[in-house]
Each structure stands twice: as C-alpha cells, then as structure tokens.
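Architecture and fold: a report
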Amino acid sequence: LRAGFGAVCWRPGAIDGVPSASEPLLFKVARPVFRLLRPLRSLTVRGEEIGRAMLVAVRAGVRDRVYENAEIRELADRAPR
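The rules behind the values
- Residues numbered from 1 in each chain as written.
- Predicted model: local features only at pLDDT ≥ 70, side-chain atom pairs only at ≥ 80, totals over all residues.
- Heavy atoms only, no water.
- Helix = DSSP H or I, 4+ residues; strand = E, 2+ residues; numbered from the N terminus.
- Buried < 20%, exposed > 50% of the residue type's maximum accessible area, 1.4 Å probe, protein only.
- Contact = heavy atoms within 4.5 Å.
- Polar contact = N/O pair within 3.5 Å; in protein donor to acceptor, adjacent residues only side chain to side chain.
- Phe/Tyr/Trp six-rings, centres within 6.5 Å; stacked < 30°, edge-to-face > 60°.
- Lys NZ or Arg CZ within 6 Å of the ring centre and 35° of its normal.
- Salt bridge = Lys/Arg side-chain N within 4 Å of Asp/Glu carboxyl O.

Okay, the environment of Arg-31 next. The residue Arg-31 is located in helix α2 (residues 25-36) in this model. The class for Arg-31 is buried, based on a relative accessible area of 11%. Taking the C-alpha atoms as reference, Arg-31 lies 20 Å from Glu-68; in sequence the two are 37 residues apart. Among all residues touching Arg-31, those that are not within four sequence positions of it are Asp-16, Gly-17, Val-18, Pro-19 and Glu-23. A polar contact of 2.8 Å, which involves the side chain of Arg-31, links it to the side chain of Glu-23.

Rendered as structure tokens:
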C-alpha cells in the first residue's frame, strides 16, 4: 500500500482507551499496567493521541510513512487542542 498508493501506516503498541462495559476482562486488568508504562513514550499511546496524530499527518500532507508509538505521540503533541 505504501509503494502503490503512498499510504500512511499506524503501528501503535499498547493502546489505552476508555473503559467499556463490553470490553474483555484482559483489557480491564491490563489498563492499569498500561498507565504505569505511560512515561515510556515508545510503549503506550492513548486512542485520543492516535486520532490527533492522524489529523496532523493529513494536514501536513504526509505520504508513504509508518508511524509507531513514540512518533504518534510526538505528532499528537503538535496538534492544536
């Protein structure tokens, strides 16, 4: 997809999201662990940060790129709030 269409790929690791009544028990148990890892930018990312990073990338016209956790969080930090 990158070569043929210039697609941007998103590779988040542990995603910290909003609790849900229908989420698996494993996610409920893992969420506190993810939050302890939050200072390590390369390991976790929040769902909200992924969305902000995507908006920044679209506005900047980014093409043919792979973003992982640390870069996703850097892009999210640049997004207007």
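A word on the packing of aromatic side chains. One pass over the structure, following the stated rule, counts 1 aromatic pair. Centroid distance Trp-10 to Tyr-67: 4.9 Å. Interplanar angle 20°. Geometry classified as stacked. Remark: Tyr-67 occurs in strand β4 (residues 65-68) and Trp-10 occurs in strand β1 (residues 8-11); sequence separation between them is 57 residues. Here the basic side chain of Arg-65 rests over the ring of Tyr-67, its NZ or CZ set 4.4 Å away from the ring centre.

Scanning all chains against the criterion turns up 11 salt bridges. Notably, a salt bridge pairs Arg-31 with Asp-16, separated by 3.7 Å at the nearest N-O pair. Pair noted here: Arg-31 is in helix α2 and Asp-16 is in strand β2 (residues 14-16), with a separation of 15 residues, a long-range link. Of the residues examined, Asp-16 reaches a relative accessible area of 9% and is grouped as buried. Residues Arg-41 and Asp-77 are paired through a salt bridge, measuring 2.6 Å at the closest nitrogen-oxygen approach. Highlighted residues: Arg-41 in the loop between α2 and β3 (44-46) and Asp-77 in helix α4 (residues 69-78), separated in sequence by 36 residues. One network of salt bridges, in which partners are shared, links Asp-16, Glu-23, Arg-31 and Arg-35.

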